[in-house]
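Each chain, letter by letter, is given below.
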Amino acid sequence: VLRKRYSHENARKEAFLVNQIADFNCDVGAMLRITPELLTAAGSSFPAAYLESGDMAKTALELKRENNACFCMLPFCHTLEAEATGGIIHFDDVETGPRFGDPTCKSLDALLQMPEIDYSAGRMAQTLEACRLLHQQGEHVMIALTGPFTWLNVPIPKSPTHTPKNANIFASHFHFVPIPCSM
C-alpha cells in the first residue's frame, strides 16, 4: 500500500511539474547568430565583435535583447579555443563569421607540442574581459566552451591517419583546469 501511494504521489507531482514548465526553444545557433543588422543595432562592427572586449560586450547585450534571453552568451563562435592553442582563424566576412584555416599540426606528435592556452593574451583575454564588463553591469554571462574534439579540427589535417580512434593517443595529455577569471 505504501509503495502504491508513493508511486501515485510521485506521478501526481510529475504531472504538476510538467504542466508548469513553459516551452523553451533551445536554439544555441540562433542565440549566437551575428548579422549585419544585429551589429548595427549593437553599435559594433565585424570583426571587432569577435576581437575586442567592448564590442563583444555590446554585441552580447544586443543578442540577449534580440533573443529575449535572461543571460548574455560568449564567445560567439567555436574557434576561440582553437585560436588560443595556435590554430589559424580567418575573419573573412560577417555572413560566415570566423572560420578555421589550414591545419597547424602535421602529425599527432605535433599535437602534443601545442601550447597551453594563455588566458591573459589575445582573443581569449578579450573574451574574458567582455565577460567581466558584462558582469560589472549586472548581467549574467554564460560561457560557451568548446570541447577539445571540436576545436582539434583546426590543427589536425583531415586524412585517414587522423581519425578519432587515434585521438586516444593524445587525449590523456589534455588537462582541463578552471579558467582564471576574477569578476
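Residues numbered from 1 in each chain as written. Predicted model: local features only at pLDDT ≥ 70, side-chain atom pairs only at ≥ 80, totals over all residues. Heavy atoms only, no water.

*Asks:* Please give an account of the overall build of the chain that cites residues and values.
*Replies:* Along the backbone of the chain there are 10 helices and 4 strands. Listed by position from the N terminus, the elements making up the chain come as α-α-α-α-α-β-α-β-β-α-α-β-α-α. Taken over 183 residues, the chain has a buried fraction of 34%. Taking all contacts inside the chain whose residues are at least 6 apart in sequence as the whole, residues at least 24 apart take part in 65%. Of the accessible surface of the chain, which amounts to about 11,600 Å², a share of 56% is contributed by carbon and sulfur atoms. (Helix = DSSP H or I, 4+ residues; strand = E, 2+ residues; numbered from the N terminus. Buried < 20%, exposed > 50% of the residue type's maximum accessible area, 1.4 Å probe, protein only. Contact = heavy atoms within 4.5 Å. Areas by Shrake-Rupley, 256 points an atom, 1.4 Å probe, with all protein chains shown as cover.)

*Asks:* Break down the packing of aromatic side chains for me, citing the residues and quoting the values.
*Replies:* Per the counting criterion, the structure on display carries 3 aromatic pairs. Aromatic pair Phe46 and Tyr50: ring centres 5.7 Å apart, planes at 80°, arrangement edge-to-face. Ring centres 6.5 Å apart and planes at 55° place the aromatic pair Tyr50 and Phe91 in the tilted group. Highlighted residues: Tyr50 in helix 4 (residues 48–51) and Phe91 in strand 2 (residues 89–91), separated in sequence by 41 residues. Exposure remark for Tyr50: the relative accessible area of 6% places this residue in the buried category. These aromatic residues form a ring-pair network of at least three members: Phe46, Tyr50, Phe76 and Phe91. (Phe/Tyr/Trp six-rings, centres within 6.5 Å; stacked < 30°, edge-to-face > 60°.)

*Asks:* Explain the nonpolar core residue by residue, including any values.
*Replies:* The biggest cluster of nonpolar side chains holds 21 residues, and the ones touching the most others in it are Ile34, Tyr50, Ala60, Leu74, Phe76 and Leu134. Among the secondary structure elements, those contributing two or more residues to this core are helix 3 (36–42), helix 4, helix 5 (53–67), strand 1 (72–74) and helix 8 (122–136). The greatest single-element share of this core, amounting to 4 residues, is contributed by helix 5. In this structure, Leu134 is in contact with Ala57, Ala60, Leu61, Cys72, Leu74, Glu139 and Val141, ignoring residues within four places of it in sequence. (Core = buried A, V, L, I, M, F, W, Y, C linked by side-chain atoms within 4.5 Å.)

*Asks:* Hey, could you go over the pattern of salt bridges for me, with residue numbers and the actual values?
*Replies:* Tallied over the full model, the rule gives 4 salt bridges. The partner of Arg123 in a salt bridge is Glu83, with the nearest N and O atoms 2.5 Å apart. Separated by 40 residues along the polypeptide, Arg123 in helix 8 and Glu83 in helix 6 (residues 80–84) bring together distant segments of the chain. Classification of Glu83 as partly exposed rests on a relative accessible area of 25%. Among the salt bridges present, the one from Arg132 reaches Glu129, with a minimum N-O distance of 2.3 Å. Taken together, the residues span about one helical turn, with Arg132 and Glu129 both in helix 8 at a distance of 3 residues. For Arg132, a relative accessible area of 24% gives the class partly exposed. On the accessibility criterion, Glu129 (25% relative accessible area) is partly exposed. (Salt bridge = Lys/Arg side-chain N within 4 Å of Asp/Glu carboxyl O.)

*Asks:* I'd love a proper account of unusual backbone geometry, names of residues and values included.
*Replies:* Across residues other than glycine, the phi torsion is negative in most instances, and most of the peptide bonds are trans. The omega torsion of the bond from Phe46 to Pro47 falls at 5°, within 30 degrees of zero and hence cis. Relative to the assigned elements, Pro47 resides in the loop between helix 3 and helix 4. In this chain, Leu74 is followed by Pro75 through a cis amide linkage whose omega measures -15°. With respect to the helices, strands and loops of the structure, Pro75 is situated in the loop between strand 1 and helix 6. Of note in the backbone geometry, Asn68 takes a positive phi value of approximately 50° without being a glycine. Along the chain, Asn68 falls in the loop between helix 5 and strand 1. By relative accessible area, Asn68 is classed as exposed at 71%.

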